[in-house]
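These are the residues of each chain, in order.
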Amino acid sequence: MALLSAGCSGESDDGPVPAAVQTTRSASSVRVPKPTAEQKAPYLAIAAQLNPGLGHDKELAMEHADRICKGILGGPTYGSSLIEFARAELSSGSRDISVAETERAVKAIKLWCH
């Protein structure tokens, strides 16, 4: 796929570029702020409730938060809405996480990611 620059029509040599590709920055170009322990605490509590595995592995929970933060900051959500992307990131597969639960987690991440 050809690289797009500002002002392009959204077409490449290969045809139209999907809107999700046009409107997001690459994951590597998005700088994620580093939260304080106080900022992380609400997110980690919510993540542990949603997915017990994340409660046991705080490093993994923060890796998920970093990817969600990149989506908040305009990075890739891979064709999904931010909420659907975050829902997939936080899901353990053992239960369906609701939109309301996902929104709580995203709100907690926004304490440091803005």
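Quick caveat: nothing in here was measured; it's all calculated off a predicted structure.

Enquirer: So what's going on with the packing of aromatic side chains? Which residues, and what values?
Expert: Here the structure, examined in full by the defined rule, presents two aromatic pairs. With a centroid separation of 6.1 Å and 75° between ring planes, the pair formed by Tyr43 and Trp112 is classed as edge-to-face. With a gap of 69 residues between them, Tyr43 in helix α2 (residues 37-50) and Trp112 in the segment after α6 (99-109) connect regions that are remote in the sequence. As far as the burial class goes, Tyr43 and Trp112 line up, both buried. Geometrically, the ring pair formed by Tyr78 and Phe85 is tilted, given 6.0 Å between the ring centres and 40° between the ring planes. Among the residues examined, Phe85 registers a relative accessible area of 9% and is labelled buried.

Enquirer: Account for the packing of α2 against helix α4 (residues 58-72), naming residues and giving values.
Expert: Taken N-terminus to C-terminus, the directions of α2 and α4 make an angle of 100°; their axes are 11 Å apart at the nearest point. Looking at the two axes, α2 sits roughly perpendicular to α4. Taken together, the residues of α4 that come into contact with α2 (itself represented by Lys40, Tyr43 and Leu44) are Lys58, Ala61, Met62, His64 and Ala65. Residue composition of the contact of α2 with α4, grouped by class: five nonpolar, one polar and two charged.

Enquirer: Tell me what's going on with the nonpolar core, and back it up with residues and numbers.
Expert: In terms of nonpolar packing, the biggest core is built from 23 residues, with Tyr43, Leu90, Ile109 and Trp112 touching the most fellow members. Residue assignment for this core shows that the elements contributing at least two residues are α2, α4, α5 (82-90) and α6.

Reading the values: the criteria
- Residues numbered from 1 in each chain as written.
- Predicted model: local features only at pLDDT ≥ 70, side-chain atom pairs only at ≥ 80, totals over all residues.
- Heavy atoms only, no water.
- Phe/Tyr/Trp six-rings, centres within 6.5 Å; stacked < 30°, edge-to-face > 60°.
- Helix = DSSP H or I, 4+ residues; strand = E, 2+ residues; numbered from the N terminus.
- Buried < 20%, exposed > 50% of the residue type's maximum accessible area, 1.4 Å probe, protein only.
- Axes fitted to C-alpha atoms, helices over the stretch in contact; angles between N-to-C directions.
- Parallel < 35°, antiparallel > 145°, perpendicular 65-115°, else oblique.
- Contact = heavy atoms within 4.5 Å.
- Nonpolar A, V, L, I, M, F, W, Y, C, P; charged D, E, K, R; others polar.
- Core = buried A, V, L, I, M, F, W, Y, C linked by side-chain atoms within 4.5 Å.

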